[in-house]
Amino acid sequence: MRLLTPDICVIGAGSGGLSVAAGAAAFGVPVVLIERHRMGGDCLNTGCVPSKALIAAGRHAEAIRAARRFGIDAGEPRIDFAAVQDHVRETIAAIAPHDSQERFEGLGVTVLRETARFEDAATVIAGDCRIRARRFVIATGSSPAVPAIPGLDTIPYLTNESLFDLRALPARLAVIGGGPIGLEMAQAHRRLGSAVTVIEAGRALAREDADLARFALDRLRQEGVDLREATAVAEVAVEAEGIVLGLQGGGRIGASHVLVAAGRRPNTAGLDLAAAGIDEGPSGIRVDRGLRTSNRRVHAIGDVADVAGLGPLRFTHVAGYHAGLVLRAILFRLPVAEDRAILPRVTYTDPEIGQVGLTEAEARARHGDGLRILVEPLSASDRARTDRAGEGMIKVITTKRGRILGAGVAAPEAGEIINAWSLAVANRLGIGAFARAVPPYPILGEIGRRAAIGYYRPGLTSPWLRRIISLLRRFG
Ligand SMILES: Cc1cc2nc3c(=O)[nH]c(=O)nc-3n(C[C@H](O)[C@H](O)[C@H](O)COP(=O)(O)OP(=O)(O)OC[C@H]3O[C@@H](n4cnc5c(N)ncnc54)[C@H](O)[C@@H]3O)c2cc1C
Ligand SMILES: NC(=O)c1ccc[n+]([C@@H]2O[C@H](COP(=O)([O-])OP(=O)(O)OC[C@H]3O[C@@H](n4cnc5c(N)ncnc54)[C@H](O)[C@@H]3O)[C@@H](O)[C@H]2O)c1
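Scoring rules and cut-offs
- Residues numbered from 1 in each chain as written.
- Chains lettered and ligands numbered in written order.
- Predicted model: local features only at pLDDT ≥ 70, side-chain atom pairs only at ≥ 80, totals over all residues.
- Domains from an automatic or database assignment.
- Pairing = 2+ DSSP bridges.
- Helix = DSSP H or I, 4+ residues; strand = E, 2+ residues; numbered from the N terminus.
- Axes fitted to C-alpha atoms, helices over the stretch in contact; angles between N-to-C directions.
- Near = placed C-beta within 6 Å.
- Nonpolar A, V, L, I, M, F, W, Y, C, P; charged D, E, K, R; others polar.
- UniProt positions renumbered as here; feature names shortened; annotations may be inferred.
- Parallel < 35°, antiparallel > 145°, perpendicular 65-115°, else oblique.
- Left-handed = near helix turned anticlockwise from the far one by under 90°.
- Contact = placed C-beta atoms within 7 Å.
- Buried ≥ 20, exposed ≤ 12 C-beta atoms within 10 Å, placed from the backbone.
- pLDDT = per-residue confidence, 0-100.
- Core = buried A, V, L, I, M, F, W, Y, C linked by C-beta atoms within 7 Å.

## Digging into the domain arrangement of the protein chain
- Splitting the protein chain by domain gives domain 1 (2-39 + 100-144 + 265-341), domain 2 (152-263) and domain 3 (351-461).
- Placing a centre on the C-alpha atoms of domain 1 and another on those of domain 2 gives a separation of 34 Å.

## Observations regarding the sheet that holds strand β6 (residues 123-126)
- As summarised here, the arrangement of the four strands in space is β1-β7-β6-β5, forming an open sheet in which the pairing is mixed. The strands lining the two open edges of the sheet, one partner per strand, are β1 (2-4) and β5 (116-120). Recorded for the sheet is a direction-independent mean angle of 30 degrees between the axes of neighbouring strands.
- Both β6 and strand β7 (residues 129-131) contribute to a ladder of three bridges, which runs antiparallel. Looking across to β7, one finds that alanine 126 is bridged to cysteine 129.

## So, the site of ligand 2
- As a matter of local geometry, ligand 2 sits amid 26 residues, with Gly177, Gly179, Ala262, Gly263 and Arg314 nearest to it.
- Among the secondary structure elements, those contributing two or more residues to the shell around ligand 2 are α6 (180-191) and β22 (345-347).
- The leading source of residues in the shell around ligand 2 is α6, at four residues.
- Of the residues contributing to the shell around ligand 2, the split by class is 14 nonpolar, seven polar and five charged.

## Looking at the sheet that holds strand β14 (residues 242-247)
- In spatial order, the strands read β13-β14-β15; together these three strands make up an open sheet with antiparallel pairing. The sheet terminates laterally at β13 (233-239) and β15 (252-255), the two strands that pair on one side only. Neighbour-to-neighbour, the strand axes of the sheet open up by a mean angle of 25 degrees, direction not taken into account.
- Here β13 runs beside β14; their pairing, made up of six bridges, is antiparallel. Bridge pairing in β14 places alanine 237 opposite valine 244.

## Quick notes on the UniProt feature "domain: Pyridine nucleotide-disulphide oxidoreductase dimerisation" (unreviewed entry) in the protein chain
- Within the UniProt annotation, "domain: Pyridine nucleotide-disulphide oxidoreductase dimerisation" (unreviewed entry) is assigned to residues 344-448.
- The straight-line gap between the two end C-alpha atoms of residues 344-448 is 16 Å; of that span, 32% is helix and 30% is strand.

## Description of the packing of helix α3 (residues 48-66) against helix α4 (residues 81-95)
- As a packed pair, α3 and α4 sit with axes 9 Å apart at the nearest point and diverge in direction by 140 degrees. Here α4 runs oblique to α3, going by the angle between their axes. Between α3 and α4 lies a crossing whose hand is right-handed. Only Val84, His87, Val88, Thr91, Ile92 and Ile95 of α4 make contact with α3, whose side of the interface consists of Val49, Pro50, Ala53, Leu54 and Ala57.
- Class assignment for the residues of the contact of α3 with α4 results in nine nonpolar, two polar and no charged.

## A short note on the UniProt feature "binding site: FAD" (unreviewed entry) in the protein chain
- Mapped onto the present numbering, the UniProt feature "binding site: FAD" (unreviewed entry) falls on Lys52, Thr140, Gly141, Ser142 and Asp303.
- Its place among the elements puts serine 142 in strand β9 (residues 142-144).
- The class of serine 142 is buried, set by 22 C-beta atoms lying within 10 Å.
- Aside from chain neighbours lying at most four places away, what touches serine 142 is Arg264, Arg265, Pro266, Asn267, Asp303, Val304 and Arg314.
- Tracing the chain through its elements places aspartate 303 in the loop between β20 (298-300) and β21 (305-307).
- Setting aside anything within four residues of it in sequence, one finds aspartate 303 in contact with Gly141, Ser142, Arg264, Pro266, Pro312, Arg314 and Ala319.

## Digging into the confidence of the model for the protein chain
- With 100% of its residues at a pLDDT of 70 or more, the protein chain has an overall mean of 97.
- On the interface metric, ipTM, the complex scores 0.99, and its pTM is 0.97.

## Examining the nonpolar core
- With 75 residues, the main nonpolar core has Val175, Ile176, Val198, Ala216, Val258, Leu259 and Ala410 as its most contacted residues.
- The contact partners of alanine 410, leaving out residues within four places of it in the chain, are Leu212, Phe215, Ala216, Pro351, Ile353, Gly392 and Met393.
- If you look at the next biggest cluster of nonpolar residues, it comprises 50 residues, including Ile8, Phe136, Ala139 and Leu273.

## Comments concerning the site of ligand 1
- Around ligand 1, the surrounding shell holds 37 residues, and the nearest of these are Gly12, Gly14, Gly41, Gly141 and Gly302.
- Elements that contribute at least two residues to the shell around ligand 1 include exactly α1 (15-26), α2 (41-45), α3 and α8 (316-332).
- Of the residues assigned to the shell around ligand 1, the class counts are 13 nonpolar, 18 polar and six charged.

## Overview of the environment of alanine 230
- Structurally, alanine 230 can be placed in the loop between β12 (226-228) and β13.
- Through-space distance from the C-alpha of alanine 230 to that of glycine 357 is 27 Å; in sequence the pair is 127 residues apart.

## A few points about the environment of leucine 3
- Relative to the helices and strands, leucine 3 is located in strand β1.
- With 270 residues separating them in the primary sequence, leucine 3 and leucine 273 have C-alpha atoms 20 Å apart.
- Ignoring anything within four residues of it in the chain, the contact list for leucine 3 reads Arg130 and Arg132.

Here it is, written out as structure tokens:
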């Protein structure tokens, strides 16, 4: 067996692992990177990239339908689904070189295309290599969790791992789960011509502020998605007319395809974490806010990490942020801690739902009533009118003194709008920063400044302010 002794051994070449390997290699630090499947992990191959490419195709189809409201009638779009999937594949192929084995070897990283497992607290085995590294970073990601619904295993159900391989449009798509994957894919397929039903056991987009999520849910329903909340599937069967989902409490839904989008499970099977003394729980590898596992040589990041018992935050930018933190800890021995309050997220439905910092409910739970909630409808933006951008709003939460605790946006391009609020939250800016900045006219993000000005509105009726103004008037 070949013995390798790098400074850092990274397991998993997805969003988190690639960032650690590239960052360490840039400083000339010896790195071994182990990947058992595809370079780029979930995000590139079966997650963010294909899903956003499919959403873009759906958006174009919808724009053609909506064109008649602008005086342009292009009729109902004709959809060549195989060509849509070619666009998805081409998008992946265009980004793939950035994550490729060749690129990383060019950076000086030793890439092993093997499955990794721990032999002991300081050793990993990958194929015919034994790796003894000073530090290990586990970035093995997550996989779709499949609920134990009787009969589900008797049909060829889809997950994000197989959805983008379809060459023909699903005629009747049933989606189990109304989280971000379920709703993004439900809307995209509906816009491309599928009949879509979403079955959600609880509330759809439950993590989001309900006032904001409502705009996306209403829009999906208007576009014809049959969205059933508080509904559970009791059993799945194949009958003469195709797949049938029997609902608890009665009712049946017929489908040609079933997409399971019911949450994730951490990829830890086969890693032999116990051999290395690494603790794990149902939500993933247990790490502290510094992303350290119970083995002091080993960090865990990204989808596989359950940070300080708060549960994982499964986003590509979070995996990248974790990578930056562990590089600082490993290379510079600096103390680091995940700051969850600064991390944004966006659900790419139309309208998009963007959020950074605390939602209103989270802020009330933490700060009680010592808050200001600043709300501005999207319709206050002239740009929303020129573009017929539909319904939406911004909701900003500040302390009584104006420190921004969180912001949420429901709007087209909410992800772009929330980015400025992310900057503000990360830098602990007050709401005055948005009141002072002058947004170019007419952008949708202007509703943020309007919300900020709303913070000062009660002051306008203050008797003191009025007295000062009348005093100053006497001086001409
Ligand atoms: C449909 C979908 C859409 C998404 N959209 C977005 C989005 O728009 N924005 C966003 O921020 N996030 C999105 N995400 C989430 C995002 O994809 C993940 O958060 C991100 O990929 C996590 O990165 P990671 O490095 O932790 O894991 P991954 O990217 O999953 O990488 C883990 C890698 O480890 C490898 N591996 C596992 N076990 C072993 C082993 N024992 N040995 C060797 N290799 C191993 C795997 O093969 C994989 O390549 C989406 C996810 C899905 C499923
Ligand atoms: N835009 C983005 O950034 C983006 C997009 C997609 C996914 N992601 C990441 O991937 C993660 C996983 O996404 P997800 O949507 O699979 O998971 P999720 O956990 O966010 O949502 C799953 C939903 O499925 C429901 N559910 C679970 N079991 C069910 C059952 N038996 N019947 C009906 N409903 C059931 C849950 O109540 C929940 O609402 C997300 O949390 C997110 O971190 C991010």
